[in-house]
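Single-letter residue listing:
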Amino acid sequence: MTQLNAYLFFDGHCAEAMRFYERTLGGRIEMMMTHGEIPASDRQPGQDDARIVHARLAGDGMVLMASDWMAGQAFPGASGFSLSLGYPTVAQARAIFDALADGGDVRMPFGKTFWSPGFGMLADRYGTPWMVSGESD
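What counts and how
- Residues numbered from 1 in each chain as written.
- Predicted model: local features only at pLDDT ≥ 70, side-chain atom pairs only at ≥ 80, totals over all residues.
- Heavy atoms only, no water.
- Pairing = 2+ DSSP bridges.
- Helix = DSSP H or I, 4+ residues; strand = E, 2+ residues; numbered from the N terminus.
- Axes fitted to C-alpha atoms, helices over the stretch in contact; angles between N-to-C directions.
- Contact = heavy atoms within 4.5 Å.
- Expected span 1.5 Å × (residues − 1).
- Buried < 20%, exposed > 50% of the residue type's maximum accessible area, 1.4 Å probe, protein only.
- Arc of directions from axis to C-beta.

(A) Expanded view of the sheet that holds strand β2 (residues 28-34). An order of β1-β4-β3-β2 is seen for the four strands of this open sheet, with the pairing classed as mixed. A single partner strand is all that each edge strand has here, and the edge strands are β1 (6-10) and β2. Neighbour to neighbour, the strand axes of the sheet diverge by 15 degrees on average, direction disregarded. Examined bridge by bridge, β1 and strand β4 (residues 62-68) share five bridges and lie parallel to one another. Considered in β4, the bridge of L8 is made with A66. Helix-sheet contacts for helix α1 (residues 14-25) involve β1, β2, β3 (52-59) and β4, and the interaxial angle to β3 is about 5 degrees.

Set out below in C-alpha cells:
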C-alpha cells in the first residue's frame, strides 16, 4: 500500500515545532534524532550537533516527519503548499485552528464557507501553512 506523508524542514527549531505539534494535534513522537546522535563514521562535516536530522510524529491516521535544514545553507522557508487537517466537527476544527494560530499568521479566518461549515487557513508560529476544516456543526 502506498503512503504519502508530509516532511517539513525547519531552520533550527524542529524539536520545538514537533513537540508543539505533538501537544496540539495529538499522536506521539516516535523518533527524534540530532546530528550529534549519528554515529561518528556517518556524520557530515559542518553540521550542528544540536539540529534534528530526523523526527517522526504519528497518530490517528497522521504521520508528520521533519528535520532541521542543513547548517550553513540558506533556509528557503515553507511556501507553495499547505497541510490540510479535517475534523468530524466544526468545534474540533476550531479548537485546533485556534491552537495552531496562536503566535502565527491567520491568512483566512476560521468560519463558514460555501464548501464547509468551518474552514480556515494560517501559517503557525514556525511558518508551516495549514488549512483546517470541520465537516459538521
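After that view of the structure, there is still more to cover.
(B) Representation of helix α2 (residues 90-101) within the structure. Taking 1.5 Å per residue as the helical rise, α2 with its twelve residues ought to reach 16 Å, and the 16 Å between its terminal C-alpha atoms agrees with that figure. V90, A93, I96, F97, L100 and A101 are the residues of α2 that are buried. End-on, the buried residues of α2 take up no more than an arc of 130 degrees, which puts them together on one face. Within two residues after α2, G103 carries a phi angle of roughly 85 degrees, on the positive side.

Distances and angles like these do not, on their own, reveal function.
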